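Each chain, letter by letter, is given below.
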Protein chains: 2
Amino acid sequence: MKNELLDIVENNFSNKQLIKKKLADMNIVDIAEIFDDLEKEKALQIFRLLPKNKAADIFSYISPEKQKLIIEAITDKELGKIIDDLYLDDTVDLLEEMPANVVRKILKNTDRATRKIINQFLNYPEDSAGSVMTIEYVDLQKDMTIREAIDMIRKTVEDKETFEICYVVSEERLLEGTVSIKDILLTDDDKKISDIMDNKNIIYVNTTDDKEFVSKLFMKYDCSSLAVVDNEKRLVGIITVDDVVDIIQDENTEDFELMAAMTPSEKPYLKTSILKLAINRIPWLLFLMISATLTGFVINNFESGLAKESVLIAFIPMLMDTGGNSGSQAATLAIRGLALNEIKTSDFFAIMFKESSVGLIAGFVLAVFNFFRLLILKYDILVALTVCSSILLTVVISNIIGGILPLIAKFLKLDPALMAAPLITTIVDVISLIAYFCIASSLLNI
Amino acid sequence: MKNELLDIVENNFSNKQLIKKKLADMNIVDIAEIFDDLEKEKALQIFRLLPKNKAADIFSYISPEKQKLIIEAITDKELGKIIDDLYLDDTVDLLEEMPANVVRKILKNTDRATRKIINQFLNYPEDSAGSVMTIEYVDLQKDMTIREAIDMIRKTVEDKETFEICYVVSEERLLEGTVSIKDILLTDDDKKISDIMDNKNIIYVNTTDDKEFVSKLFMKYDCSSLAVVDNEKRLVGIITVDDVVDIIQDENTEDFELMAAMTPSEKPYLKTSILKLAINRIPWLLFLMISATLTGFVINNFESGLAKESVLIAFIPMLMDTGGNSGSQAATLAIRGLALNEIKTSDFFAIMFKESSVGLIAGFVLAVFNFFRLLILKYDILVALTVCSSILLTVVISNIIGGILPLIAKFLKLDPALMAAPLITTIVDVISLIAYFCIASSLLNI
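What counts and what doesn't
Residues numbered from 1 in each chain as written. Chains lettered and ligands numbered in written order. Predicted model: local features only at pLDDT ≥ 70, side-chain atom pairs only at ≥ 80, totals over all residues. Helix = DSSP H or I, 4+ residues; strand = E, 2+ residues; numbered from the N terminus. Rg over C-alpha atoms; globule rule 2.2 N^0.38 Å. Buried ≥ 20, exposed ≤ 12 C-beta atoms within 10 Å, placed from the backbone. Contact = placed C-beta atoms within 7 Å. Pairing = 2+ DSSP bridges. Axes fitted to C-alpha atoms, helices over the stretch in contact; angles between N-to-C directions. Least-squares fit on C-alpha atoms with pLDDT ≥ 70 in both. Domains from an automatic or database assignment. Core = buried A, V, L, I, M, F, W, Y, C linked by C-beta atoms within 7 Å. Parallel < 35°, antiparallel > 145°, perpendicular 65-115°, else oblique. Left-handed = near helix turned anticlockwise from the far one by under 90°. Nonpolar A, V, L, I, M, F, W, Y, C, P; charged D, E, K, R; others polar. Right-handed = clockwise from strand over helix to strand, strands pointing away. pLDDT = per-residue confidence, 0-100. Arc of directions from axis to C-beta.

A. Local environment of the overall build of chain A. A tally of helices and strands in chain A yields 22 helices and 6 strands. By the compact-globule yardstick of 22 Å for 446 residues, chain A is too spread out, its C-alpha radius of gyration being 30 Å. Counting only C-alpha atoms, chain A reaches 90 × 60 × 35 Å along its principal axes. By the burial criterion, 43% of the 446 residues in chain A qualify as buried. Long-range pairs, those at least 24 residues apart, make up 71% of the contacts in chain A with a sequence separation of at least 6.

B. Spatial organisation of the interface of chain A and chain B. Contacts between chain A and chain B engage 87 residues on the former and 87 residues on the latter. Among the elements that take part in the side of chain A that touches chain B, helix α17 (residues 274–301) of chain A stands out by supplying 15 residues, more than any other.

C. Representation of the sheet that holds strand β4 (residues 204–206) of chain A. Residue and element names in this part refer to chain A. Taken together, 3 strands build an open sheet; the order of strands is β4-β5-β6 and the sheet is mixed. Edge strands, defined here as strands with exactly one partner in the open sheet, are β4 and β6 (235–240). On average, each strand axis in the sheet is tilted by 35 degrees relative to the strand beside it, whichever way the strands run. The sheet contact formed by strand β5 (residues 225–229) and β6 spans 5 bridges and is antiparallel. When the sheet's bridge partners are listed, A227 is paired in β6 with I238. On top of the sheet, helix α16 (residues 241–259) reaches β5 and β6; it is set at about 65 degrees to β6, its chief contact.

D. Up close: the relation of the copies chain A and chain B. Overlaying chain A with chain B gives an RMSD of 0.1 Å, the required rotation being 180 degrees about an axis along which the chain moves by 0.0 Å. Here the transformation between the copies is reduced to the relation of a two-fold axis. The overlap is high: 100% of the interface residues of chain A also sit at the interface in chain B, so the same surface is used on both sides.

E. Structural view of unusual backbone geometry. Residues and elements named next belong to chain A. Of note, the phi angle at R173 is positive, near 65 degrees, even though the residue is not glycine. With respect to the helices and strands, the residue R173 is situated in the loop between β2 (165–169) and β3 (175–180). Of note in this structure, K233 is not a glycine but carries a positive phi near 65 degrees. The topology assignment puts K233 in the loop between β5 and β6. By the C-beta count within 10 Å, which is 15 here, K233 ends up partly exposed.

F. Quick look at the domain arrangement of chain A. When its domains are assigned, chain A resolves into domain 1 (2–123), domain 2 (139–257) and domain 3 (271–444). A straight line from the C-alpha centre of domain 1 of chain A to that of domain 2 of chain A covers 29 Å.

G. View of the sheet that holds β3(A). All names here are of chain A. Judged by pairing direction, the sheet is mixed, and its 3 strands sit side by side in the order β1-β2-β3 without closing on themselves. Where the open sheet ends on each side, the last strands, each with one partner, are β1 (139–140) and β3. Direction of pairing for β2 relative to β3: antiparallel, over a ladder of 5 bridges. The residue bridging C166 from the neighbouring strand is V179, located in β3.

H. Region of interest: the pairing of strand β5 (residues 225–229) of chain B. All names here are of chain B. When you tally the buried positions in β5, you get 5 out of 5 residues, the bulk of the element. Of the two faces of β5, the one holding S225, A227 and V229 and the one holding L226 and V228 are both buried throughout. Pairing analysis gives 3 bridges linking strand β4 (residues 204–206) to β5, with the strands arranged parallel. Directly across from N206, in β5, lies its bridge partner V229.

I. Region of interest: the nonpolar core. In terms of nonpolar packing, the biggest core is built from 135 residues, with I424(A) and I424(B) touching the most fellow members. Excluding residues that lie within four positions of it along the chain, I424(B) makes contacts with G324(B), G327(B), S328(B), A331(B), I401(B), G402(B), L405(B) and M419(B). Ranked by size, the runner-up nonpolar core spans 74 residues in total, among them I165(A), V236(A), I146(B) and V245(B).

J. Local environment of the packing of helix α19 (residues 316–339) of chain B against helix α20 (residues 348–376) of chain B. Residue and element names in this part refer to chain B. Interaxial distance between α19 and α20 falls to 12 Å at its minimum, and their mutual angle equals 150 degrees. Relative to α20, the element α19 lies roughly antiparallel. By crossing handedness, the relation of α19 to α20 is classed as right-handed. Touching T322, S326, A330 and A334 of α19 are I351, E355, G359, A362 and L366, all from α20.

K. Structural context of the packing of helix α20 (residues 348–376) of chain A against helix α21 (residues 381–411) of chain A. Residue and element names in this part refer to chain A. It is the contact of α20 with α21, at a shortest axis distance of 8 Å, that shows an interaxial angle of 155 degrees. By the criterion of interaxial angle, the relationship of α20 to α21 is roughly antiparallel. Crossing geometry of α20 relative to α21 is assigned as right-handed. Residue composition of the contact of α20 with α21, by class: 23 nonpolar, 7 polar and 1 charged.

L. Up close: the pairing of β5(A). Where the polypeptide runs from β4(A) across helix α15 (residues 211–221) of chain A and back to β5(A), its parallel neighbour, the crossover connection is right-handed. Taken together, β5(A) and the strand that follows it, β6(A), pair antiparallel across an intervening segment of 5 residues, in which K233(A) is found at a positive phi of about 65 degrees.

M. Molecular detail of the confidence of the model for chain A. With 100% of its residues at a pLDDT of 70 or more, chain A has an overall mean of 90. The complex model carries a pTM of 0.86, and its ipTM stands at 0.85.

N. Representation of the environment of G324(A). Residues and elements named next belong to chain A. For G324, the position within the fold is in helix α19 (residues 316–339). When the C-alpha positions of G324 and D7 are compared, they lie 52 Å apart, and in sequence the two are 317 residues distant. When neighbours within four sequence positions are excluded, G324 is seen to be in contact with A421, I424, T425, V428 and D429.

O. The environment of K68(A), seen in detail. Residues and elements named next belong to chain A. Tracing the backbone through its elements, the reader meets K68 in helix α6 (residues 64–73). It is 12 Å that separates the C-alpha atoms of K68 and E96, two residues lying 28 residues apart in sequence. The contacts of K68, once residues within four sequence positions are left out, are M98 and V102.

P. Here's a closer look at helix α7 (residues 76–85) of chain B. Residue and element names in this part refer to chain B. For α7, every residue scored as buried is listed here: L79, I82 and I83. Around the axis of α7, the buried residues are gathered within 95 degrees of arc, so they sit on the same side. Buried residues belonging to α7 abut α5 (55–61), α6 (64–73), α8 (88–97) and α9 (100–108).

Now the structure itself:
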């Protein structure tokens, strides 16, 4: 479908009727994607051929680069129409992406009331519920009859993002309850909203609540939308589930990046500049590199031993890697469990027990395997014993450290994702080297 | 709220009226959570006090352990009522969690038709769209008037999971189109469904499609529900967005686990047995340990050099760690970008360019820092130069390898998440050691 249209645009651009027909038949998301492949002039012409009632919807899915080109090129009147038709949260997203001159052009084409709301939205802290909410919800009053409510919904629904849940507010716009459209449709016309509304279990967040908290509430209560109130408990917006899906993916991306020892990035990889990527990574690499120099001290301390049994040097990387890998397995499970609320800090001892047990089993298997490998390779049996008992000990210690450090971080109100592979590896390196050299000293008498 | 109820249950258990009142006031998810803290007898008594119209809903949120206790204890009649009220996808989830004797008791209390559908559901491949769909959707016919459609919806909506989107099917149940409830409410009563239904952009999946594909479609098109059809394109179910949120979290967890070199687990950490945890980890640890023995060969080959300049040994762990960390930073960004469709395999050269540039900057900063550190610590200047140029080279190479291996995996139809920290570290270890020793040979003449 997408390629068909691109084909027509390339080879049959004068046939505007054919293009219009294709556009009318296509999904808005697919249409928006096409703009990425068009140069400026064609993009603009295609944009003007879009079905009028879908133009704003399509526009909200176009990439920021092309949105900018289009806004710069179209007339104020055309822009005004688009902004009118956009949902407010999409307008705010747009403003956040555009450079100052484009922002001015957009604001010039909105009325004073909208401008006021937009400014308010732009002032909510980044990552707050206020910054992701939308104002296009259905609000009802509790003394409305079902008939009146349905009429009201039919009259206003066109501009609303969702209405599975309608919100009941007082004259002062205090949130008084919620009522599902399902219950409205199931109730007789002359009953009142107050008869069927739920005023006890209203789940809501404050504009300043963190969006991670929002996504956790959504997941816990399987909401389809969530009320956002200000400090006086007045309803100011709702958050819809499609925004929550984006929040969840953002939170996950943040965890992936933290766990690989990077400052999380706001933009997709390909849109992030080289310098920004470097700045996100260098401090962590530096910190970890400095921490890793500790291993150097351990080795220096044992230099004479290593000089006598130089065969031991060759096992250092393998031992360190195995410790790092076991530790980060345990840490990943603990971090993920905490993120999904499957693990609590009170599970400390359960996790410690589990990880030491798993460590004993895994360490034993690895040690036995290695023991026979080393015997086959005709290493001295005492060397083999040294290496293998070091492996066992390292795996057990790494598992315990990996399993409990994220819990400790959580307890200290730090992000558990910080306690992932890179840091665990550095800590485990030092410990495994000390263990290795101590065992070597006693078994090999060096 | 939850603690209040627990308190009453502990200290005032005979006051059934008070408990009933509290239960009526609470959110169903919060009520379900309480069962985790109750022992069998109390759990059962509380379960019987639940408001009748919410009992099934609450039941679907109770943990499998307590669900099992309750099913074993209640009468067939009580169980029949619960199963009747459960959404079919929740019943199927329940059956998948329960042991055989409980499954028998459940199936005994369903009618023949339901049993047939359940069996069909249980036969869909794990992780397929069929296994997560639900059959409680609203279906309309295209020659219905809007009035007839609304009447039909009002009559049947009680049992439906969602109806923002209604599905239009032919007599043979072929999927002919979709229509949003919004459009239905906005249209005059005597128009026909066929006048307003969308029959061109129907987004649907097949029962056997992978659920990862489902979640990607949802995210791309911001759907509120998605049609599932069989091989003859007959509508057999829908997938709702709350199921998609679960799918997204499962996919993310799978990636986190793969990236830490583990076989993904089906169950939450605390519910997974020690043996299962060990089995999920040992093969990977073993594979990585064997790969890491390559570093041993590299070191053995350079043993005489190391014996001459034993000071070089102390830098091995730091060099390896830094390489591993840079490589896994790059790999994480590439893997995540691929998972979110922000990066395509065709971006190969863009990523290679970006990662080598970032590697040059980061490597340079780390090398310069280290150079001065080593000079201050009074190391020989040639040793310092050897270590620092090795760091620079290692970081650049690690970044490139980390950035492109996930793309190569994707190109080879492997899961890019396999190319994460553990494997990258092992590969980078060998390369960085070779680089280190080569530079040492030429600079220090050993």
